[in-house]
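Understanding the architecture of this molecule
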Amino acid sequence: MTSLNVRIGILGFALLAGLAAPATASATETSAAPPTVEEQRLDRAAPQEILRRSGFDSVAPEFARALAGARSYAQAERIVVREGSQLWRRAVDRAQGRGPAVGDLSRDDDRPLYWARLGMTREVRGWEPEFGLSAAERARLLDRLEQTSRGQNTIRYPHGKDMKRVLLTGFDPFTLDRDVRISNPSGATALALDGTVIETADGPARVETAVFPVRWQDFADGTVERALRPHLPQVDLVTTVSQGRVGRIDIERTNGAWRGGFADNENLSRTETVPVTDPASQPQWTSTTLPYARIAAASTGRFPVYDNTSVTEIPAGGTGPVVRPGGPTPGSTARAGGGGDYLSNEIAYRATLLRDRLGLHDRLPAGHVHTPVLQFGAGNTDPATGAVTDPEFVRNRVDIIAQVRAIVTVAVEAKDSGPKAADSGPGQEAGAAS
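Residues numbered from 1 in each chain as written. Predicted model: local features only at pLDDT ≥ 70, side-chain atom pairs only at ≥ 80, totals over all residues. Heavy atoms only, no water.

1. Focus on the nonpolar core
Soluble, globular proteins show a tendency: their nonpolar side chains are buried together. Which entries qualify depends on this criterion: Put simply, a nonpolar core is a bunch of buried Ala, Val, Leu, Ile, Met, Phe, Trp, Tyr and Cys residues held in one set by side-chain atoms that sit within 4.5 Å of each other. Under the scheme applied here, a residue whose accessible area is under 20% of the maximum for its type counts as buried, over 50% as exposed, and between as partly exposed, the area being computed with a 1.4 Å probe on protein chains only. Secondary structure elements follow DSSP: runs of H or I of four or more residues count as helices, runs of E of two or more count as strands, with numbering from the N terminus. Contacts: residue pairs with any heavy atoms within 4.5 Å of one another.
Grouped together as the largest cluster of nonpolar side chains are 66 residues, with contacts concentrated most on L67, W115, L141, L168, I251 and I295. Sort the elements by how many residues they give to this core and helix α5 (residues 73–95) lands first, with nine residues. Dropping the residues within four chain positions of it, W115 is found in contact with E38, R41, L42, P47, I50, L51, L176 and V180. Core analysis: the second largest hydrophobic core is formed by 24 residues, F212, V214, V224 and L232 among them.

2. Focus: the pairing of strand β4 (residues 237–243)
Just so we agree on the cut-off: Note on pairing: DSSP must find at least two bridges between two strands before they are called paired.
Summarising burial for β4: seven of the seven residues are buried, a large majority. Residue alternation in β4 divides its side chains into two sets, L237, T239, V241 and Q243 and V238, T240 and S242, and both sets are buried. Sheet analysis places strand β1 (residues 164–171) next to β4, joined by four bridges and oriented parallel. Across the sheet, the residue bridging to L167 is V238, located in β4. Sheet analysis places β4 next to strand β14 (residues 366–371), joined by six bridges and oriented parallel. Bridging across to β14, S242 finds its partner in H370.

3. Some details on the pattern of salt bridges
For side chains bearing opposite charge, pairing can occur when the charged atoms are close. Here is the rule: What makes a salt bridge here is a side-chain nitrogen of Lys or Arg within 4 Å of a carboxyl oxygen of Asp or Glu, nothing more.
Counting across every chain of the model gives 36 salt bridges. Two residues, R125 and E39, come together in a salt bridge whose shortest N-O distance is 2.9 Å. Here the residue R125 occupies a position in helix α6 (residues 111–126), and E39 occupies one in helix α2 (residues 37–40), the gap between them amounting to 86 residues. In this structure, R245 and D250 form a salt bridge, with 3.4 Å as the shortest nitrogen-oxygen distance.

4. Some thoughts on the sheet that holds strand β12 (residues 322–324)
As a reminder, the rule being used: Structural elements are reduced to axes, namely lines fitted to C-alpha atoms, with helices fitted over the stretch in contact, and the angle between N-to-C directions of any two is expressed from 0 to 180 degrees.
Ordered by their spatial adjacency, three strands build an open sheet running β12-β11-β13, and the pairing between neighbours is antiparallel. Here the strands that pair on one side only, and so sit at the sheet edges, are β12 and β13 (333–336). Sheet twist, expressed as the average angle between the axes of neighbouring strands with direction ignored, equals 45°. Strand direction decides the pairing type here: strand β11 (residues 311–314) and β12, joined by three bridges, are antiparallel. Each residue of the ladder has a partner; that of V311, found in β12, is R324.

5. Looking at the packing of aromatic side chains
Put simply, the rule is: The aromatic pairing rule takes the rings of Phe, Tyr and Trp, using the six-membered ring of Trp, and pairs them if the centres are within 6.5 Å, calling planes under 30 degrees apart stacked, those over 60 edge-to-face and the rest tilted. A ring is scored as having a charge over it whenever the NZ atom of a lysine or the CZ atom of an arginine sits within 6 Å of its centre and within 35 degrees of its normal.
On inspection of all chains with the given rule, the structure shows eight aromatic pairs. Each ring, one from W127 and one from F131, has its centre 5.8 Å from the other, and the planes form 75°; the classification is edge-to-face. On the basis of relative accessibility, which here comes to 31%, the residue F131 falls in the partly exposed class. Ring geometry for F212 against F219: centres 6.4 Å apart, planes inclined by 70°, an arrangement best described as edge-to-face. Following the ring pairs from residue to residue traces out a cluster consisting of F174, W216, F262 and Y342. Sitting above the plane of the F376 ring, R181 keeps its charged end 3.9 Å from the centroid. The ring centre of Y292 lies 3.8 Å from the NZ or CZ of R253, which sits over that ring.

6. Concerning the side chain of D236
Within the secondary structure layout, D236 lies in the loop between α10 (223–228) and β4. Here D236 falls in the buried class, since its relative accessible area comes to 16%. In this structure D236 touches M163, K164, R165, L364, P365 and K415, once residues within four positions along its chain are discounted.

7. Overview of the environment of P47
Within the element layout of this structure, P47 appears in helix α3 (residues 45–54). When the C-alpha positions of P47 and P112 are compared, they lie 8.3 Å apart, and in sequence the two are 65 residues distant.

8. A closer look at helix α4 (residues 59–68)
Inclusion rule: Think of it as the arc spanned by the lines of direction from the helix axis to the C-beta atoms.
By the burial criterion, the buried members of α4 are V59, A60, F63 and L67. Angularly, the buried residues of α4 cover 85° about the axis, an arc narrow enough to put them on a single face.

9. As for helix α8 (residues 185–193)
Along α8, nine of the nine residues are buried, which leaves the element largely enclosed by surrounding structure. What α8 keeps buried is the set P185, S186, G187, A188, T189, A190, L191, A192 and L193. Count one or two residues on from α8 and you reach G195, which has phi positive near 75°.

10. Quick notes on the confidence of the model for the protein
Regions with low pLDDT carry predicted coordinates that are not meant to be interpreted in detail. Note the following rule: A residue's pLDDT is simply how confident the predictor is in it, with values from 0 to 100.
This prediction gives the protein a mean pLDDT of 91; 89% of its residues lie at or above 70. Overall, residues 2–28 carries pLDDT values under 50, and its contacts beyond four positions in sequence, including any with other chains, amount to 79 contacts. Ignoring residues within four places in sequence, the model shows residues 418–422, a span with pLDDT below 50, making seven contacts including any to other chains.

11. Some remarks on the packing of α6 against helix α7 (residues 135–149)
Quick note on the threshold: In these notes the angle categories are as follows: under 35 degrees is roughly parallel, over 145 is roughly antiparallel, 65 to 115 is roughly perpendicular, and the rest is oblique. Left-handed describes a crossing in which the near helix is turned anticlockwise from the far one by less than a right angle; the clockwise case is right-handed. Only Asp, Glu, Lys and Arg are considered charged in this grouping, and only Ala, Val, Leu, Ile, Met, Phe, Trp, Tyr, Cys and Pro are considered nonpolar; every other residue, Gly among them, is considered polar.
Where α6 contacts α7, the two axes come as close as 10 Å, and the packing angle between them is 165°. If you check the angle between α6 and α7, you find them roughly antiparallel. The handedness of the crossing between α6 and α7 is right-handed. When α6 is examined against α7, the residues L113, R117, M120, T121, V124, R125 and G126 are found in contact with a partner set consisting of R138, L141, L142, L145, E146 and S149. Residues that form the contact of α6 with α7 fall into these classes: six nonpolar, three polar and four charged.

12. Side note on the pairing of β14
Burial within β14 is extensive, with six of its six residues counted as buried. Covered by surrounding structure in β14 are A366, H368 and H370 together with G367, V369 and T371, the residues of both alternating faces. Alignment of strand β5 (residues 249–252) against β14, held across three bridges, turns out to be antiparallel. Residue pairing in the sheet places E252 in a bridge with H368 of β14.

Here is the structure:
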């Protein structure tokens, strides 16, 4: 994922910071907050069309009516949890062909979930119940809505040893001020694969997924670690997924501890070392333990797959950034991982750092897959005049989803197939048409 929007006012920023943990504001602060930059995009024509053509235009109004019936904070929280969970399940069911096909957007589309969620968060942000709502309580409701509507708290695996366990993450659409029609194939993949079982040569593998926001502050508040930590000791494979470069898939070998400053979906920018707990023990680099060579060599789909080893570093004793095609050198300072210096790189860094801090480096295959950029068809590339969907756009998304599923299959099969010698040679960016 390359880079992304500025909070309106100090109060809006404080609420965002409170998404991962209840805020500490005074209980007397009860005024509603204005819509965020992200929520304001809802009023544009394309998001409204996407909601209407998917049948998700009813989500926010129905949620607002339910919330209006709450007579206490406890009741409001129950409504938020219920409605957020129902939105996630509805989006997953739609993507996987369950239930009626409301509207004419293809079922693989991830955008209805994104825009419907923003409609719900905007309702919470502007709600002023008669019983009063403190800033901390409002932040808690927003947090619960984010977790439930992203599948972050519904990751469940069957008991027993016969089923492999795969954890996969995706992202929201981003760079929406450039083109508000944008879809993110990683989010679409998460919806398509959540709760599914992949048959592999080593037996069935159950896939559980979650989707993450494209917001720097949420990551600083620990949303990734909170969602993944309970499951890493029990799963057999973890892959974070995001949208990367045009026309190719990259298996990112190395992740860097650096934020490069590209604006997020709130138009906020961060240029700093990735903020984590216990920074004194924080490494500059983490590495994939996915079977990258085997994935790159396998026939998984029409997009070429690369074992990407390139990073940007400040060498030990140096003062300026240097691109290293073969990976970082000893003692260097990170300026970009293979996946860049944005939130794609950061989720990979956080997931693999968590793997290592839990003592799972040698047991758990974990790393990042960068999908191709999802492109509209020829003649539909101008966001000012283009349609919200077209046949090539749908075909590209469907093919990316299928290829990520095939990559997961290869990775699961490689886990128990013997020594990883094929994935431990010298670093290089090796492409294999797939």
